[in-house]
Amino acid sequence: MLKKAYLEITNACNLSCSFCHGTKRDIKYLTEAEFKAAAEKIRPHCSYLYFHLMGEPLLHPSLSRFFEIANDLGFKVIITTNGTLLKKREDILLSSPALHKVSISLHAYEANQMGISIESYLSDCFDFCRRASERGIISVMRLWNLGGLDEKNAYILDKIKAAFTDEWKEVYSGYKLSDKVFLEWGEKFDWPDIDGEELGCDHTCYGLRDQIGVLSNGTVVPCCLDADGAVPLGNIFESDLSDILSGERATALKTSLERRRVTEELCKRCPYARQKKY
């Protein structure tokens, strides 16, 4: 059993963040039939389903239907969003019994000209967090940009403190601000790139033992950081996921991770895995 799967419902995004790897793939939105087929194959392997790998999931016009399908299959859904569409898509999100958690990348504001004020952006995010809490949904506001624009971080932090006045409790990687509302800190990191510098092979990660990713074209990849399918393990629209995960390439990669001697070229170039202590 895996813990989670990242099913990329679209690789399109309405922003262009400097910290994001982006993708060279053609823009694609999963159809309802494709989503259902992929989700049904994923379900025997895990119960947590993320609606992204790359892209902004709240852009998808079939978002409501995807939640219905996920709920019918018994998934707990996690959304990661830049927050710009929360107000527009709030009714869909808060009415879904399948929604478990929403992570909001507040550091997106640093990296973009959004066309709205930071005050309006933060207000929409805070309002959503409060309403989600009332529905029993976890919200995590992220500032994964330590070393970025410190003055903007300080401003955002002051606004968060003014909006959430309960006593903050320190938790792993951040703070609990109120019931089911959290703030996470994190350092900037570079995405692995197949054309990047080789960093070594004596590390491991959660790929294939905790998570998998499925790109919008159906390609199954070992983790959520394989933005362009550099380590294709198979295609979920063509094969059963069990067969893909027991295939030669997936088995060899999992063994290399267990032995801390990674063999895949993308994995040798992963700064995130090397800075983590697994």
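Above this text sits the structure in question.
These numbers come from a predicted model, not from an experiment.

(A) Representation of the packing of aromatic side chains. Counted by the stated rule, this structure contains 6 aromatic pairs. Geometrically, the ring pair formed by Phe 35 and Phe 51 is edge-to-face, given 5.4 Å between the ring centres and 85 degrees between the ring planes. Residue Phe 35 is found in helix α1 (residues 32–42), and its partner Phe 51 is found in the loop between β2 (48–50) and α2 (63–73); the two are separated by 16 residues along the sequence. For the ring pair Phe 51 and Phe 67, a centre distance of 5.2 Å and an interplane angle of 45 degrees mean the geometry is tilted. One end of the pair, Phe 51, is in the loop between β2 and α2; the other, Phe 67, is in helix α2, and 16 residues separate them in sequence. The two residues Phe 51 and Phe 67 agree in class, both being buried. Cluster of aromatic residues (ring-pair linked, three or more members): Phe 35, Phe 51, Phe 66 and Phe 67. Here the guanidinium or amino end of Arg 130 rests over the ring plane of Phe 164, the centre of that ring lying 5.2 Å away.

(B) Structural context of the nonpolar core. Ranked by size, the top nonpolar core spans 84 residues in total, and within it Phe 35, Ile 42, Phe 51, Phe 67, Ile 104, Leu 106 and Met 141 carry the most contacts. With 8 residues, the single largest contributor to this core is helix α4 (residues 118–134). Once you skip the residues sitting within four places of it in the chain, Leu 106 turns out to touch Tyr 121, Leu 122, Cys 125, Met 141, Arg 142, Leu 143, Ile 156 and Ile 160.

(C) Spatial organisation of the pattern of salt bridges. Within the structure shown, the criterion is met by 15 salt bridges. One salt bridge in this structure joins Glu 32 and Arg 65, with 2.9 Å as the shortest N-O distance. Here the residue Glu 32 occupies a position in helix α1, and Arg 65 occupies one in helix α2, the gap between them amounting to 33 residues. Judged by relative accessible area, which is 30%, Arg 65 ranks as partly exposed. The residue Arg 65 makes a salt bridge to Glu 68 at a minimum N-O spacing of 2.9 Å.

(D) Focus on the side chain of His 203. Here His 203 lies in the loop between β8 (181–187) and β9 (211–214). Side-chain polar atoms of His 203 contact the backbone oxygen of Cys 267, separated by 3.0 Å. Apart from residues lying up to four places away in sequence, His 203 is in contact with Leu 257, Arg 260, Arg 261, Val 262, Cys 267, Lys 268, Ala 273 and Arg 274.

(E) Inspection of the packing of α1 against α2 at higher detail. Remark: α1 packs on α2, axes separated minimally by 10 Å, with the N-to-C direction vectors making an angle of 25 degrees. Judged on the interaxial angle alone, α2 and α1 are roughly parallel. Of the two elements, α1 crosses α2, and the hand of that crossing is right-handed. When α1 is examined against α2, the residues Glu 32, Phe 35, Lys 36, Ala 39 and Glu 40 are found in contact with a partner set consisting of Arg 65, Phe 66, Ile 69, Ala 70 and Leu 73. Of the residues assigned to the contact of α1 with α2, the class counts are 6 nonpolar, no polar and 4 charged.

(F) View of unusual backbone geometry. With phi around 70 degrees, Leu 208 is a residue other than glycine that occupies positive phi space. Unusually for a residue other than glycine, Arg 260 sits at a positive phi of about 60 degrees. Tracing the backbone through its elements, the reader meets Arg 260 in the loop between α7 (248–258) and α8 (271–275). Judged by relative accessible area, Arg 260 falls into the partly exposed class, the value being 36%.

Cut-offs used in this document
By convention here, each chain's residues receive numbers from 1 onward along its written sequence. The predicted origin of the model limits local features to residues at a pLDDT of at least 70 and limits the giving and counting of side-chain atom pairs to 80 or more, whereas totals for whole chains, interfaces and linings rest on all residues. Side-chain calculation: all heavy atoms of the structure are included, whereas hydrogens and water are not. Stacked, edge-to-face and tilted labels apply to pairs of Phe, Tyr and Trp rings (six-membered ring for Trp) whose centres lie within 6.5 Å, assigned for plane angles under 30 degrees, over 60, and everything in between, in that order. The way it works is that DSSP assigns letters per residue, a run of H or I at least four long becomes a helix, a run of E at least two long becomes a strand, and they are numbered from the N terminus. Partly exposed residues are those whose accessible area sits between 20% and 50% of the maximum for their type, while under 20% is buried and over 50% is exposed, using a 1.4 Å probe and protein chains only. Criterion for a charge above a ring: Arg CZ or Lys NZ at most 6 Å from the ring centre, at most 35 degrees from the ring normal. Joining through side-chain atoms within 4.5 Å is the link that ties buried Ala, Val, Leu, Ile, Met, Phe, Trp, Tyr and Cys residues into a set, and such a set is a nonpolar core. Residue contacts follow a heavy-atom distance rule, with two residues in contact if any of their heavy atoms lie within 4.5 Å. Salt bridge criterion: a side-chain nitrogen from Lys or Arg within 4 Å of a carboxyl oxygen from Asp or Glu. Pairs of N or O atoms are called polar contacts if they sit within 3.5 Å, as long as, within protein, a hydrogen donor faces a hydrogen acceptor (for residues adjacent in sequence, only side-chain-to-side-chain pairs). What counts as an axis is a line fitted to C-alpha atoms, over the stretch in contact for a helix, and the angles between N-to-C directions run from 0 to 180 degrees. Note on angle classes: values under 35 degrees are labelled roughly parallel, values over 145 roughly antiparallel, values of 65 to 115 roughly perpendicular, and the remainder oblique. The hand of a helix crossing depends on one turn: near helix anticlockwise from the far one by less than a right angle means left-handed, and clockwise means right-handed. By the convention adopted, Pro, Cys, Tyr, Trp, Phe, Met, Ile, Leu, Val and Ala count as nonpolar, Lys, Arg, Asp and Glu as charged, and the other residues, Gly among them, as polar.

Any functional reading would require information beyond the geometric quantities listed.
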